[in-house]
Amino acid sequence: MAIRRPLLALVLACLLTTGLLAGPVHAESGAGRHTVGYDRYSLTIDGKRIFLWSGEFHYWRLPSPALWRDVLEKMKAAGFNAVSIYFDWGYHSPRQGVYDFTGVRDVDRLLDIADQVGLYVIARPGPYINAETDSGGFPGWLTTLKGKARSTDPAYLAAANEWLGRIDRILARHQVTDGRGPVLLYQVENELYNVKQSEEESRAYLSALEKKVRSDGITVPFTGANDARFTSGTGAADLEGYTVYPQSFNCAEPGKWKPVPDDYGQYRAGLPDTPVNFAEFQGGAFDQWGGAGHENCRTLTGPDFERVFEEANIAAGATMQNFYMTYGGTNWGWLATDFDYTSYDYGAAIDEARRLTPKYTEQKFLGYLVQSVAPLRTTDPLTTAPPDNTAVRMDARVDPNTGTRFYVVRHADSTSTADDRTHLALDLGAVGRYPSVPSAPGTDLTLAGRDSKLLVAAYRFGGQELVYSTSELMTQGTFAQPSGTGEQNIAVLYGRHGQDGETVLRYASQPKVTVLSGSVRASWDAGRHDLRLDYEHDGLARVLVHGGTRDLLLLIGDDQAAGSFWRVDTSAGPILARGPYLVRGGSVSGRSGEVALTGDTDRAGPLEVFTPQGARSVSWNGRPVRVTPTSSGSLSGELAGPRPVSLPALTNWRYRYETPEAQPGFDDSAWRAADHTTTDNPYWDGKAPVLYPDDYGFHHGDTWYRGHFTATGGQTGITLSATVTDHGAYAVWLNGHYLGSGGDGSKHFDFPASALRPGADNVVSVLAENMGHDQDRAADDSYREPRGLTGAELTGSATTVKWRLQGDQGGEKPADPMRGPYNNGGLYGERAGWYLPGRQDAAWPTVSLPHAEPTPGVGWYRTTFRLNVPKGQDVPVGLRIDDDAARHYRALIFVNGWQVGRYINDVGPQHVFQVPAGILRTDGENTIAIAAWGLDGSGGLGDVSLVREGDYAGPVSDSSR
């Protein structure tokens, strides 16, 4: 196996820790084998240390492969060097032995894109993934399999090994270790802690999976997300990790914080021999039916949370951080577990419409820092004098090889909203082979409420010596001098707007200082050889220092100004660009002197480019940009914005009421007979017949039941038991007469005497909605809890009811294999194809929205519209429903055949549903079909409109053109 703990030679160790070999190395196809190692400090690839800065992305929540690249490029542009991906077993397997890895399930394509973008992949194929998805990622057919899941039960292991064998053969051909792709780490299982089984059972289970995966040819290190439960012994991963969500998921109170734990040393204590690994760290929060909405979740875990908590992780020595989620996406179809609604935006840094949020900018600040400052990869705790203000806390770390210090300063009460000022004594004494820096300076610092600052001191880079700065360092690199005859260092520093800052640099002799812009005061201390710069963070200041082995250009901005910078690393060196909405990538041509950039604009505006070598021209998305040189050594020009795009009004709605299944004359002879007298389901109460739709191969969406009995005249009603979860529902008819609706538990329905037909066949019709299966977080088979009807008993008679049922299209053999098993349930209109484009609906009556339907049951609304988005523009589009919450109905929303939303009018909170390009035809005709199910006389459908969620000019393409 190509896995080892590196025992580096002394010279190599010196090179690594001084950063001369720092930075990610990505495997190219056929480039040869690579060694993945680690020690207590960090991961290494071919002996080169990396700080793993990763974001979570789920391809199955974005069913548009053309947009996978968009999200991954946005992650890369923010400084991420890895992406963590769950692979959803149920998404690929509609029935046992059948697997689909084509179209929106093309994992090979996904991994190729990640490799092309330059992101390592942390592969997380389960078998169990949790992820707030149906059954925690288990396929529907597993609910009927005898044998306990997440255990060494032979029946379960056989099924799990079948899945692993299929997904592993794909992952194995994309591994870093054999030079064929980006897969760097492999997580075995997921969050196997706080479970209802012994540690011994869990270890045996993990060990069995590990043996299977290794036999499948997986050679990269195993990682875990088990809160460091299994760091040694049977079943232990190579690199265990923590799953940490400090603010939990109470988005209803976004201003209420839980504090940073006082003892972050616990994380190092749990992982003494491997890097501190946050396998999942809170990148947002999921919301629930009837919840507060994901914007509240984004506030709860906003930029202030990111600064305080992610810098606290660095203070704990972490060099592996994965943020869940970085892009959440959409629970389209019936992907969600029972408590989650369609949007899985998660309050993430990149929102569901793929827009960049202020959280993205904050992660970019830290992402650029950890990638460009190599000493962060090897640090030990440093004891230092505390701040003179006890309301402020400072944690310090030092690289034992270079002496570089890192000070994380925050409030002692991390939830504090007060502003505090304090004096800091920075310890710059001798460390290892590095002598002490003359005179340990002190500095004053202002700390805003709920803020944190990561300060860098005693840092040597590119011939410069940074003594300290009270500004935070975003990035640094070597670029061309204005004259084009040499090189200069550039460092980008930032701080809160209006706060004072100071930066101290050390030189052998007094340097020349030129303030190119902004208000900056320079002073020279000949005794200490220190150049001190004082300023206020306000816009962008530029200071050119002529000294050291190279000149130094300091770009000192407030948060907003610094957030406009983008760094692109190329084979020729880094490119620093400023201005556009997004810079995706770039290259430098030494022959032509051209810098070629790709990216997006949301408006017309400036572009400024700093290059690693003298450049004479710039192109943007393949088109030349007229540029002029600046005194800062950059090239400056203007970029065009997107062309205005308007969306059409949705009119010409056609409507048809369905629900024929409620009528006594409906032919159900081809439906599945509910004839099971026993079941392997652990929740079975022993009563027959078994009515669980899972037992008959119907796992997702709505299920119809029709129960036949011959009436004697004595039947007075029926008592139904059901499990439809908190916001699920079912509706009941007798011979076409509506009896009412119910939810979880048992409910009695009286039979109207006028509806009963003595001596004849009577039909009880029930429409039940499966809101999704539970997950299996506790490893207790809770994912197998039945959905739909669980029992039925006539009152007034012992007459037997013979039941038939019809569920999701084709059950485990979906009639729509392209969209797969999660797209459809068992509504009549779904079975008849009313959700598909091209359906002949000209004979349907036209209606205007809002529209009222007084008859309980399901009605379908259809319309078409055309879009003409200019080529080269990305216009995220949502579909919005507005209505009076007093109306009791729920709806399934289909666009071009894809179920993009589940809407409950009186529950919410979601009213806007994303329709990604690829599903949406951005240059052609689109079809909307909405199935609205009224539970009383207030059904129908409210106003429906299209919402433009942004307008960007850039290289994003979609498969609809």
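Residues numbered from 1 in each chain as written. Predicted model: local features only at pLDDT ≥ 70, side-chain atom pairs only at ≥ 80, totals over all residues. Heavy atoms only, no water.

(A) A look at the overall build of the chain. The number of helices and strands found in the chain is twelve helices and 58 strands. The C-alpha atoms of the chain give 31 Å as radius of gyration, which agrees with the globular expectation for 961 residues (30 Å, within 12%). Taken along the three principal axes of its C-alpha coordinates, the chain extends 110 × 60 × 55 Å. Buried positions account for 64% of the 961 residues belonging to the chain. The long-range fraction of contacts in the chain, counting pairs at least 24 apart against all pairs at least 6 apart in sequence, stands at 73%. For the chain, the accessible area works out to roughly 32300 Å², and carbon and sulfur atoms hold 48% of it. (Helix = DSSP H or I, 4+ residues; strand = E, 2+ residues; numbered from the N terminus. Rg over C-alpha atoms; globule rule 2.2 N^0.38 Å. Buried < 20%, exposed > 50% of the residue type's maximum accessible area, 1.4 Å probe, protein only. Contact = heavy atoms within 4.5 Å. Areas by Shrake-Rupley, 256 points an atom, 1.4 Å probe, with all protein chains shown as cover.)

(B) Layout of the state of the cysteines. One pass over the full model with this rule turns up one disulfide. Sulfur-sulfur distance for the disulfide between Cys251 and Cys297 comes to 2.0 Å. Looking down the S-S bond of the Cys251 and Cys297 bridge, the torsion is 110°, so its handedness is right-handed. Of the two residues, Cys251 sits in the loop between β10 (243-244) and α7 (265-270) while Cys297 sits in helix α8 (residues 294-300), which places them 46 residues apart along the sequence. The class for Cys251 is buried, based on a relative accessible area of 2%. (Disulfide = S-S within 2.5 Å.)

(C) Just the sheet that holds strand β18 (residues 452-461), in detail. Across the sheet, which stays open at both edges, the eight strands sit in the order β13-β14-β15-β18-β19-β22-β25-β24 with antiparallel pairing between neighbours. Because the sheet does not close on itself, it has two edges, and the strands there are β13 (380-382) and β24 (520-525). For this sheet, the mean angle separating the axes of adjacent strands, direction not counted, is 25°. Two elements, strand β15 (residues 405-411) and β18, share six bridges in a ladder whose sense is antiparallel. Looking at the pairing, Phe406 lines up with Val456 of β18. Lying over the sheet, helix α9 (residues 303-315) contacts β14 (392-398), β15 and β18, oriented at roughly 45° with respect to β18. (Pairing = 2+ DSSP bridges. Axes fitted to C-alpha atoms, helices over the stretch in contact; angles between N-to-C directions.)

(D) Molecular detail of the sheet that holds strand β47 (residues 846-847). The sheet built from six strands is open, its strands ordered β47-β37-β49-β55-β52-β53 with antiparallel pairing. A single partner strand is all that each edge strand has here, and the edge strands are β47 and β53 (898-904). With six bridges connecting them, strand β52 (residues 889-895) and β53 associate as antiparallel partners. Paired with Leu892 across the strands is Arg902, a residue of β53.

(E) Quick peek at the pattern of salt bridges. A full pass over the atoms with the stated rule returns 50 salt bridges. A salt bridge links Arg173 to Asp108, with the shortest nitrogen-to-oxygen separation between them at 2.6 Å. Of this pair, Arg173 sits in the loop between α5 (154-172) and β8 (183-187) while Asp108 sits in helix α4 (residues 107-117), placing them 65 residues apart in sequence. Among the residues examined, Asp108 registers a relative accessible area of 22% and is labelled partly exposed. Across the salt bridge formed by Arg496 and Glu472, the nearest N and O atoms sit 3.2 Å from each other. Taken as a pair, Arg496 in the loop between β21 (487-495) and β22 (500-506) and Glu472 in strand β20 (residues 472-480) lie far apart in primary sequence, 24 residues in all. Taken together, the shared-partner salt bridges in this structure form one network comprising Asp70, Glu73, Lys74, Arg354, Arg584, Asp600 and Asp874. (Salt bridge = Lys/Arg side-chain N within 4 Å of Asp/Glu carboxyl O.)

(F) Focus on the packing of aromatic side chains. Summed over the entire model, instances satisfying the criterion amount to 56 aromatic pairs. For the ring pair Tyr655 and Tyr861, a centre distance of 4.5 Å and an interplane angle of 40° mean the geometry is tilted. Linking Tyr655 in strand β37 (residues 653-657) with Tyr861 in strand β49 (residues 857-868), this pair joins segments that are 206 residues apart in sequence. What makes Tyr655 buried here is its relative accessible area of 8%. Judged by centre distance (5.2 Å) and plane angle (55°), the rings of Trp733 and Tyr738 are tilted. According to the relative accessible area criterion, Trp733 is buried, its value standing at 3%. Site record: aromatic cluster; members linked through ring pairs are Phe51, Trp53, Phe80, Tyr242, Trp257, Tyr267, Phe278, Phe281, Phe305, Phe309 and Phe323. In this arrangement the basic side chain of Arg61 is found over the ring face of Tyr344, its NZ or CZ atom lying 3.5 Å from the centre. One Lys or Arg, Arg105, reaches over the ring of Tyr91 and ends 4.3 Å from the middle of that ring. (Phe/Tyr/Trp six-rings, centres within 6.5 Å; stacked < 30°, edge-to-face > 60°. Lys NZ or Arg CZ within 6 Å of the ring centre and 35° of its normal.)

(G) Inspection of the nonpolar core at higher detail. In terms of nonpolar packing, the biggest core is built from 197 residues, with Phe57, Tyr59, Leu72 and Phe87 touching the most fellow members. Of the residues forming this core, the biggest block, ten residues, is contributed by α5. Leaving out residues up to four positions away in the same chain, Phe57 has contacts with Leu62, Trp68, Val71, Leu72, Met75, Val83, Ser84, Ile85, Tyr86, Leu110, Met325 and Tyr327. Core analysis: the next-biggest nonpolar cluster, separate from the first, contains 29 residues, Tyr696, Ala711, Val764 and Leu789 among them. (Core = buried A, V, L, I, M, F, W, Y, C linked by side-chain atoms within 4.5 Å.)

(H) Molecular detail of the packing of α4 against α5. Two elements in contact, α4 and α5, have axes separated by 10 Å at closest approach and are oriented at 30°. The pairing of α4 with α5 is recorded here as roughly parallel in orientation. Between α4 and α5 lies a crossing whose hand is right-handed. Residues Val107, Asp108 and Leu111 of α4 lie in contact with α5, whose contacting residues are Ile167, Ile170 and Leu171. (Parallel < 35°, antiparallel > 145°, perpendicular 65-115°, else oblique. Left-handed = near helix turned anticlockwise from the far one by under 90°.)

(I) How the structure looks around the side chain of Asp695. Counting through the fold element by element, Asp695 comes out in the loop between β38 (672-673) and β39 (701-710). Put simply, Asp695 is tucked away with no salt bridge, and the nearest opposite charge, on Arg784, sits 6.8 Å away. Separated by 2.7 Å, the side chains of Asp695 and Thr679 make a polar contact. If near-sequence neighbours (up to four positions away) are discounted, Asp695 is found in contact with Thr144, His676, Thr678, Thr679 and Val690. (Lys, Arg positive; Asp, Glu negative; His and termini not counted. Polar contact = N/O pair within 3.5 Å; in protein donor to acceptor, adjacent residues only side chain to side chain.)

(J) Fine view of the environment of Val244. With respect to the element layout, Val244 can be found in strand β10. Between the C-alpha atoms of Val244 and Arg214, which are 30 residues apart in sequence, the distance is 28 Å.

(K) Layout of unusual backbone geometry. The omega torsion of the bond from Gly126 to Pro127 falls at 15°, within 30 degrees of zero and hence cis. Within the secondary structure, Pro127 sits in the loop between β7 (120-124) and α5. Ala688 connects to Pro689 through a cis peptide bond whose omega is 0°. Position of Pro689 relative to the elements: it lies in the loop between β38 and β39. The phi angle at Asn130 is positive, at roughly 70°, despite the residue not being glycine. Of note in the backbone geometry, Ala228 takes a positive phi value of approximately 55° without being a glycine. Relative to the elements of secondary structure, Ala228 occurs in the loop between β9 (222-223) and β10.

(L) Quick peek at helix α6 (residues 199-215). In this model, α6 (17 residues) spans 24 Å end to end at C-alpha, consistent with the 24 Å of a helix rising 1.5 Å per residue. Buried residues of α6: Ser202, Arg203, Tyr205, Leu206, Ser207, Leu209, Glu210 and Val213, and no others. Among the residues trailing α6, Gly217 stands out with phi positive, at a value near 95°. (Expected span 1.5 Å × (residues − 1).)

(M) Region of interest: the environment of Gly265. On the secondary structure map, Gly265 appears in helix α7. Exposure remark for Gly265: the relative accessible area of 41% places this residue in the partly exposed category. For the pair Gly265 and Asp776, spaced 511 residues apart in sequence, the C-alpha separation works out to 31 Å.

(N) Structural context of the confidence of the model for the chain. Summing up the model confidence of the chain, the mean pLDDT is 93 and the portion of residues at 70 or higher is 95%. Low pLDDT, under 50, characterises residues 1-30; the predicted model gives this stretch 69 contacts beyond four residues in sequence or across chains. (pLDDT = per-residue confidence, 0-100.)

(O) The arrangement of the pairing of strand β5 (residues 52-57) in detail. Here β5 lies mainly inside the structure; six of its six residues are buried. Of the two faces of β5, the one lined by Leu52, Ser54 and Glu56 and the one lined by Trp53, Gly55 and Phe57 are each fully buried. As paired elements, β5 and strand β12 (residues 318-327) share five bridges and run parallel to each other. Within the sheet, the bridge partner assigned to Ser54 lies in β12 and is Asn322. As paired elements, β5 and strand β6 (residues 82-86) share three bridges and run parallel to each other. From the neighbouring strand, Ser54 faces β6, where its bridge partner is Ala82. After leaving β5, the chain enters helix α2 (residues 65-77) and then returns to the sheet as β6, a path that is right-handed. (Right-handed = clockwise from strand over helix to strand, strands pointing away.)

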